[in-house]
Amino acid sequence: MFFKLAVRNVKRQFGNYLIYFMTVALTVALLFAINGVIYSEKMQFYTSADETIRDMMVWFVAMIGFVVAFVLSYATSFMLKLRKREFGIYLTLGMSRRDIRSIFIYETLFICLAALGIGLLCGIFLHQGLMALAMNLMKMEFTIAPYSKKGLCATISIVAGIFLMASVVSLRYLKRV
């Protein structure tokens with residue numbers, strides 16, 4: 001029941017969620033492309049002698065993840081403030097605060113999974129562009145670069161961390177309101 005309500009809310013609040021969705025999708029695309037470059041076989045071979053390049057890229061990805069988590073936490077809090085009246089109506093109709101939190105978690109999970117899928121599709125093309133740039137800088141011949149499972153796993157885990165951080169901030173806000 002709550003899942004249907006969450007899907008309906010996402011459809012109704014599409015304008016508000018669009019910016020959130022685009023932010024998550026573009027972040028996923030960027031993270032997937034960078035992680036793909038970091039963990040690609042060609043880069044592993046090139047950076048085996050000098051680990052500092054790879055370490056710098058890993059720190060760069062971590063910083064992107066942290067900044068995006070902060071921005072999305074703020075964005076979800078802002079969206080919740082816009083929906084105070086809606087949540088008040090839910091409470092008046094007899095829903096508990098826990099039910100409202102469940103609905104909001106379903107909404108953000110739905111958007112995050114959709115953005116993860118779209119972001120990974122966009123990241124495939126961005127990854128090829130970054131690999132072409134990296135191979136050009138290293139004076140290597142570019143061929144279509146295979147995708148790294150390790151890079152995919154790193155991207156999914158970072159996005160899960162971003163989602164959890166934004167959800168915790170949102171749940172704390174919902175608990176207070």
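Keep in mind that what you see is a predicted model, and the values were worked out from it rather than measured.

The rules we used
Residues numbered from 1 in each chain as written. Predicted model: local features only at pLDDT ≥ 70, side-chain atom pairs only at ≥ 80, totals over all residues. Heavy atoms only, no water. Helix = DSSP H or I, 4+ residues; strand = E, 2+ residues; numbered from the N terminus. Buried < 20%, exposed > 50% of the residue type's maximum accessible area, 1.4 Å probe, protein only. Bend = angle between axes of the 7 residues up to and from the residue. Salt bridge = Lys/Arg side-chain N within 4 Å of Asp/Glu carboxyl O. Disulfide = S-S within 2.5 Å. Patch = residues over 30% accessible without salt bridge, like charges linked within 9 Å, V, L, I, M, F, W, Y side chains within 5 Å. Areas by Shrake-Rupley, 256 points an atom, 1.4 Å probe, with all protein chains shown as cover. Core = buried A, V, L, I, M, F, W, Y, C linked by side-chain atoms within 4.5 Å. Contact = heavy atoms within 4.5 Å.

*Asks:* How would you sum up the side chain of Asn35? Please name residues and give values.
*Replies:* Relative to the assigned elements, Asn35 resides in helix 2 (residues 14-38). Since its relative accessible area comes to 3%, Asn35 is described here as buried.

*Asks:* I'd like a description of helix 6 (residues 97-137), backed by residues and values.
*Replies:* Its maximal kink placed at Ile124, helix 6 deviates by approximately 30°. Once helix 6 finishes, Lys139 follows within two positions and takes phi at roughly 60°, a positive value.

*Asks:* Explain the pattern of salt bridges to me, and be specific about the residues and the numbers.
*Replies:* On inspection of all chains with the given rule, the structure shows three salt bridges. Ionic pairing is found between Arg12 and Glu86, a salt bridge with its closest N-O pair at 3.5 Å. You can see Arg12 sitting in helix 1 (residues 2-12) and its partner Glu86 sitting in helix 5 (residues 84-92), a full 74 residues away along the chain. On the accessibility criterion, Glu86 (14% relative accessible area) is buried. Of the charged contacts in the structure, one is a salt bridge between Arg83 and Glu86, with a shortest N-O distance of 3.0 Å. Residues Arg83 and Glu86 agree in their burial class; the two are buried.

*Asks:* Describe in detail the state of the cysteines, supporting the description with residues and values.
*Replies:* According to the stated counting rule, one finds zero disulfides in the structure shown. Note on Cys112: no disulfide assigned, nearest cysteine sulfur contributed by Cys122 at a separation of 15 Å. Using a relative accessible area of 10% as the deciding quantity, one classes Cys112 as buried. A relative accessible area of 41% means that Cys122 is categorised as partly exposed.

*Asks:* Which residues make up a nonpolar patch on the surface, and what values do they have?
*Replies:* Residues Phe3, Tyr106, Leu109, Phe110 and Leu113 make up a contiguous nonpolar surface patch of roughly 460 Å² in combined accessible area. With four residues, helix 6 is the largest single contributor of residues to the nonpolar patch. Assignment of secondary structure puts Leu109 in helix 6. Residue Leu109 is classed as partly exposed on the basis of its relative accessible area of 33%.

*Asks:* Which residues make up the nonpolar core, and what are the values?
*Replies:* One finds Tyr17, Tyr20, Leu72 and Phe87 to be the most contacted residues of the largest nonpolar core, which totals 38 residues. When contributions to this core are tallied by element, the ones reaching two or more residues are helix 1, helix 2, helix 4 (51-82), helix 5, helix 6 and helix 7 (149-176). The greatest single-element share of this core, amounting to nine residues, is contributed by helix 2. Setting aside chain neighbours within four positions, we find Tyr17 in contact with Asn9, Val10, Met79, Arg83, Phe104, Glu107 and Ile111. Ranked by size, the runner-up nonpolar core spans five residues in total, among them Val37, Met131, Met135 and Met138.

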